[in-house]
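# Per-entry structural report
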Amino acid sequence: MDVREQLCYTDAYARTTEARVVDVDAGGDAPLVVLDRTVFYPGGGGQPPDRGLLLRARDGRRWTVRAARKSGGDIVHELEPTPDGPPSRDDVLTVDLDWSRRYELMRTHTALHALCGVVWRDHGALVTGGNMEPGAGRMDFEFERMGGDLVGEIEARVNEELRSKRDVRVNVLPREEAFEIPDLIRTKVNLLPEGIQEIRTVEIVGLDLQADGGTHVSNTSEVGGIRVTGYESKGRINKRIRIELTD
Ligand SMILES: [Zn+2]
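Scoring rules and cut-offs
- Residues numbered from 1 in each chain as written.
- Predicted model: local features only at pLDDT ≥ 70, side-chain atom pairs only at ≥ 80, totals over all residues.
- Heavy atoms only, no water.
- Pairing = 2+ DSSP bridges.
- Helix = DSSP H or I, 4+ residues; strand = E, 2+ residues; numbered from the N terminus.
- Axes fitted to C-alpha atoms, helices over the stretch in contact; angles between N-to-C directions.
- Donors = N, O, S within 2.8 Å, 3.2 Å for Na, K, Ca; no water.
- Tetrahedral: all angles 85-135°; square planar, octahedral: opposite > 155°, others 65-115°.
- Buried < 20%, exposed > 50% of the residue type's maximum accessible area, 1.4 Å probe, protein only.
- Phe/Tyr/Trp six-rings, centres within 6.5 Å; stacked < 30°, edge-to-face > 60°.
- Parallel < 35°, antiparallel > 145°, perpendicular 65-115°, else oblique.
- Left-handed = near helix turned anticlockwise from the far one by under 90°.
- Contact = heavy atoms within 4.5 Å.

Attention now goes to the sheet that holds strand E8 (residues 92-97). Hydrogen bonds between backbone atoms are what pair the strands of a sheet, whose relative direction is either parallel or antiparallel. Spatially, the six strands close up into a barrel ordered E2-E3-E7-E6-E5-E8, and their pairing is antiparallel. Along the sheet, successive strands turn relative to each other by an average axial angle of 45°, direction set aside. Alignment of strand E6 (residues 61-71) against strand E7 (residues 74-79), held across six bridges, turns out to be antiparallel. Each bridged residue has a counterpart across the sheet, and for Val 65 the counterpart in E7 is Leu 79.

Six octahedral donors at a metal ideally form angles of 90 or 180 degrees, and four tetrahedral donors ideally form angles of 109.5 degrees. For the zinc ion, the protein coordination sphere consists of His 109 (NE2), His 113 (NE2), Asp 212 (OD) and His 216 (NE2), at 1.9 to 2.4 Å. What the four donor atoms of the zinc ion show is an angle range of 89 to 125° at the metal, which sorts the shape as tetrahedral. Between the donor residues of the zinc ion, the gaps in sequence give the motif H-x3-H-x98-D-x3-H. With a relative accessible area of 13%, Asp 212 lands in the buried category. Take His 216: its relative accessible area is 6%, and that puts it in the buried class.

Looking now at the packing of aromatic side chains. Within the structure shown, the criterion is met by four aromatic pairs. Aromatic side chains Tyr 13 and Trp 99 sit 6.3 Å apart centroid to centroid with 45° between the ring planes, which places their arrangement in the tilted category. Placement of the pair is Tyr 13 in the loop between strand E1 (5-6) and strand E2 (16-25) and Trp 99 in helix H1 (residues 99-123), with a sequence separation of 86 residues. The class of Tyr 13 is partly exposed, set by a relative accessible area of 30%. Taking the relative accessible area as the measure of exposure, Trp 99 reaches 14% and is therefore buried. Centre to centre, the rings of Trp 99 and Tyr 103 are 5.7 Å apart; their planes meet at 25°, and the pair counts as stacked. With Trp 99 and Tyr 103 both in helix H1 and four residues apart, this pair spans about one turn of that helix. The class of Tyr 103 is partly exposed, set by a relative accessible area of 24%.

Attention shifts here to the packing of H1 against helix H2 (residues 148-163). Packing of H1 against H2 brings their axes to within 9 Å, and their N-to-C directions diverge by 120°. When the axes of H1 and H2 are compared, the pair comes out oblique. Judged by the twist between their axes, the crossing of H1 over H2 is right-handed. Where H1 abuts H2, its residues Ala 114, Leu 115, Val 118, Val 119, Arg 121, Asp 122 and His 123 lie against Leu 150, Glu 153, Ile 154, Arg 157, Val 158, Glu 161 and Leu 162.

So this is what it looks like as structure tokens:
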């Protein structure tokens, strides 16, 4: 079987690559293409999939990739339909991300980790979910005491941590080893399917450690600052905090 390189997991800063088409499905509303190598993130963990372009140097044709997703272990690229149809199997293409959008998602995603880290460290509150778009995101916590007085303090602490220029590290651990890290339990690593033998972790050194599949910046200084834009009760215990990047 082909080994298909999924660069988003090993090098979040890879924005372009050459690739060969290994599978095309032109049957649905939007053509679907699988490549032997890609820089696209397929979405997941609250981070939306990338957008970008595929370019065929041979004749100068280009296709817009409007979304991507994981299917049977592959990253599938969903193309904007064109009158001349999709690329063909074995075509050699240049894969090009919408980098400014992706980079903003990396900064936003890292900011949300800093928020989780601060809320856990200072208040012992567990994360239950999250979502983001470029430049803004939200996280849900089991955080009964959360209220307006605390939110301002949380914002200040998160900004302090971001300014501390903390490195962000990605690791892949055997499942058994990951289960021994107490911090990972709060992100519900024990809910991962049985079949997964390796756990990818993302660590803001000294602040936060999570099992995570997304893309992040490599130092918190790249995030800049954040602002809390709102908070809501989703029940007595469950609270939501919304943030945006400030620069
Ligand atoms: Zn993450």
